[in-house]
Amino acid sequence: VLDRYEGHVIRLGMDARGPVAKAAFGLPPRAHEDDAVRGVQAAIDVCAELERRGARVAIGIASGRAFCGEVG
């Protein structure tokens, strides 16, 4: 799904509730004018697919400028 909407996986991990993934849209070289829309549509598609497979899903979405790079 992320590939279809040209998003990037930023982090995969686990927490107390289960698997966690963080994705970003609009990072070079795959930036688009409609990256916010692409992110929302990708979230809807991921949610639908995981629920179809019987998984419980919660997705949060944020938009705006963010620093995406190494820190420290």
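Residues numbered from 1 in each chain as written. Predicted model: local features only at pLDDT ≥ 70, side-chain atom pairs only at ≥ 80, totals over all residues. Heavy atoms only, no water.

Draft legend 1. Highlighting the confidence of the model for the protein chain. When pLDDT is averaged along the protein chain, the result is 91; 99% of the residues meet or exceed 70. For the protein chain, per-element mean pLDDT is lowest for strand β2 (residues 18-24), which scores 92, and highest for helix α1 (residues 35-52), which scores 96. (pLDDT = per-residue confidence, 0-100. Helix = DSSP H or I, 4+ residues; strand = E, 2+ residues; numbered from the N terminus.)

Draft legend 2. Seen up close, the side chain of H8. As for its placement among the helices and strands, H8 is situated in strand β1 (residues 8-15). Judged by its relative accessible area of 19%, H8 falls in the buried class. Among residues more than four places away in sequence, those in contact with H8 are L2, K22, A23, A24, L27, P28 and R30. (Buried < 20%, exposed > 50% of the residue type's maximum accessible area, 1.4 Å probe, protein only. Contact = heavy atoms within 4.5 Å.)

Draft legend 3. Quick peek at the pattern of salt bridges. Counted by the stated rule, this structure contains six salt bridges. Here D34 ties to R38 by a salt bridge, and the two come within 2.8 Å at their closest N and O atoms. The class of D34 is partly exposed, set by a relative accessible area of 34%. When the shortest N-O distance is used, the salt bridge between R53 and E49 registers 2.7 Å. Owing to a relative accessible area of 62%, R53 belongs among the exposed residues under this scheme. Taking relative accessible area as the criterion, E49 reaches 27% and is therefore assigned partly exposed. (Salt bridge = Lys/Arg side-chain N within 4 Å of Asp/Glu carboxyl O.)

Draft legend 4. Representation of the layout of surface pockets in the model. In this model, the largest pocket occupies a volume close to 1,700 Å³. Forming the boundary of the largest pocket are 39 residues, of which A21, K22, A23, I59 and G60 lie nearest the centre. Every element with two or more residues in the lining of the largest pocket is listed here: β1, β2 and α1. Sorting elements by how many residues they give to the lining of the largest pocket places α1 first, with eight residues. The class makeup of the residues in the lining of the largest pocket is 26 nonpolar, six polar and seven charged. (1 Å grid on protein atoms, 1.4 Å probe; cavity = no way out; pocket = protein on both sides within 12 Å on 5 of 7 lines; lining within 4 Å. Points joined across faces, edges and corners; volume = space filled by probe spheres on them. Nonpolar A, V, L, I, M, F, W, Y, C, P; charged D, E, K, R; others polar.)

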